[in-house]
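Okay, here's what each chain looks like letter by letter:
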Amino acid sequence: MGQSLGSGLSRSYDGATTDGVDQLTQHFQDRTEVPVEVLQASVPATSLLRRYRSRRSWWDETTHKPGRLLLQTTFMYPEADIVLWSQGERDAEDAALDIETYEASLKEFFIYLRQTYGCFVICNFIGRRIGGNDHTTQSLLLAQRRVVTALDFVFEGAEQYHVDLIDAVHPDNAGFGAIGALSGHAIAAACLNEANDYPMVTHVEASDNVVVFYLSGADAWAINGAKVDRPIKMMNLKGDNQFSVVSQTIGKLVPSAMFFDPTQNEVYLVFEASLERMAADLRAYVAYGACSDLDRSRLLTEASVLSRPIRRDSLALDFVH
């Protein structure tokens with residue numbers, strides 16, 4: 001269920017393939033040895049909804065009870081064991097978006113699904129936009145995470161931020177395939193009651209030209225499957241780093257060096273110039289979990305390698321003088 005990112009798993013926007021649902025089914029069945037039937041139940045995005053009902057948005061439709069489009073879906077499909085929810089990219093740029101209202105609406109709708117189906121809900125998270133405002137997408141992402149944390153029958157799904165897009169918000173065939181695979185992993189993990197064991201960044205501090213990410217939740221580390229037990233310099237072979245600093249004005253900042261100290265659970269990014277004058281404009285980002293491309297230099301625990309969906313968090317930088 002959801003909006004275009006949900007429907008794209010069954011019929012992608014690049015060639016009308018079914019890469020997403022095929023990968024979802026394969027990965028779920030490989031891990032559980034249980035056959036699965038996937039039904040498409042997505043509804044139009046907010047922009048389409050407003051064609052038929054002016055001044056109405058997706059979150060208005062679910063503030064007190066599910067709106068007409070969502071109710072039609074539950075009438076059409078009276079039974080479900082799992083609901084995979086994918087939605088949010090268009091809404092993040094909506095001028096009428098109120099985060100508190102959106103969060104309350106999403107929570108109420110998930111509760112409605114639970115009452116209707118007695119099911120698990122797997123919530124796929126909002127991804128990146130091309131040419132969009134990353135602050136708004138991160139606000140929506142945090143609201144989605146809070147709902148997942150608040151409801152014990154809702155579990156983390158996949159993100160799309162790390163895949164290639166065919167337009168401003170929609171993945172290409174390979175992108176939907178990757179999201180489908182990660183969704184299949186997430187659904188299987190929820191059904192098998194697997195622990196969510198990837199490490200977390202507790203906070204980020206900056207001083208002059210150095211940014212430090214403080215990690216917790218793990219006592220053994222690996223990069224690309226090789227254990228790390230002493231301080232090392234981390235080299236970015238290709239693709240994005242797991243740890244990054246982004247300016248809302250000029251984009252991602254490229255460090256001159258990156259180090260990891262497993263004895264202190266700290267990652268250091270060193271930049272050539274001082275960051276203090278840009279302090280109000282900066283955010284830190286960290287990606288967690290499975291890495292589909294082992295050539296990329298990502299810091300992982302042994303337990304999380306190739307078994308957990310990737311997720312990304314946005315954190316504020318605390319400057320220490």
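Bear in mind the structure is a predicted one, so any value in this text is a computation, not a measurement. (Residues numbered from 1 in each chain as written. Predicted model: local features only at pLDDT ≥ 70, side-chain atom pairs only at ≥ 80, totals over all residues. Heavy atoms only, no water.)

Visitor: Would you explain the confidence of the model for the protein in this entry?
Guide: Residues at a pLDDT of 70 or more form 76% of the protein, whose mean pLDDT is 80. Segment residues 291-296: pLDDT under 50, and 13 contacts once partners within four positions in sequence are set aside and those in other chains are kept. (pLDDT = per-residue confidence, 0-100. Contact = heavy atoms within 4.5 Å.)

Visitor: Quick question: what am I supposed to make of the sheet that holds strand β12 (residues 266-270) here?
Guide: Spatially, the six strands line up as an open sheet ordered β8-β11-β12-β5-β4-β16, and their pairing is mixed. Pairing within the sheet leaves two strands with one partner each, and these edge strands are β8 (232-233) and β16 (317-319). Here strand β5 (residues 210-216) runs beside β12; their pairing, made up of five bridges, is antiparallel. Of the residues in β12, the one forming a bridge with Y214 is E266. (Pairing = 2+ DSSP bridges. Helix = DSSP H or I, 4+ residues; strand = E, 2+ residues; numbered from the N terminus.)

Visitor: It is not clear to me how the packing of aromatic side chains should be interpreted in this structure. Could you clarify?
Guide: What characterises a pair of aromatic rings is the spacing of the ring centres plus the angle enclosed by the ring planes. All told, the structure shown has six aromatic pairs when counted by the stated rule. For the ring pair F109 and Y112, a centre distance of 6.2 Å and an interplane angle of 20° mean the geometry is stacked. Taken together, the residues span about one helical turn, with F109 and Y112 both in helix α7 (residues 99-117) at a distance of three residues. We note that F109, like Y112, is buried. In this structure an aromatic cluster arises from ring pairing among W85, F109, F110 and Y112. Looking at R145, its charged tip hangs above the ring of F125, at a distance of 4.3 Å from the centre. (Phe/Tyr/Trp six-rings, centres within 6.5 Å; stacked < 30°, edge-to-face > 60°. Buried < 20%, exposed > 50% of the residue type's maximum accessible area, 1.4 Å probe, protein only. Lys NZ or Arg CZ within 6 Å of the ring centre and 35° of its normal.)

Visitor: Quick question: what am I supposed to make of the sheet that holds strand β6 (residues 221-223) here?
Guide: Within a sheet, each strand pairs with its neighbour through backbone hydrogen bonds, oriented either parallel or antiparallel. Spatial ordering of the open sheet is given by β7-β6-β14, a layout of three strands whose pairing is antiparallel. Strands with a single pairing partner mark the edges of an open sheet, and in this sheet they are β7 (226-228) and β14 (299-300). Sheet analysis places β6 next to β7, joined by three bridges and oriented antiparallel. Across the sheet, the residue bridging to I223 is A226, located in β7.

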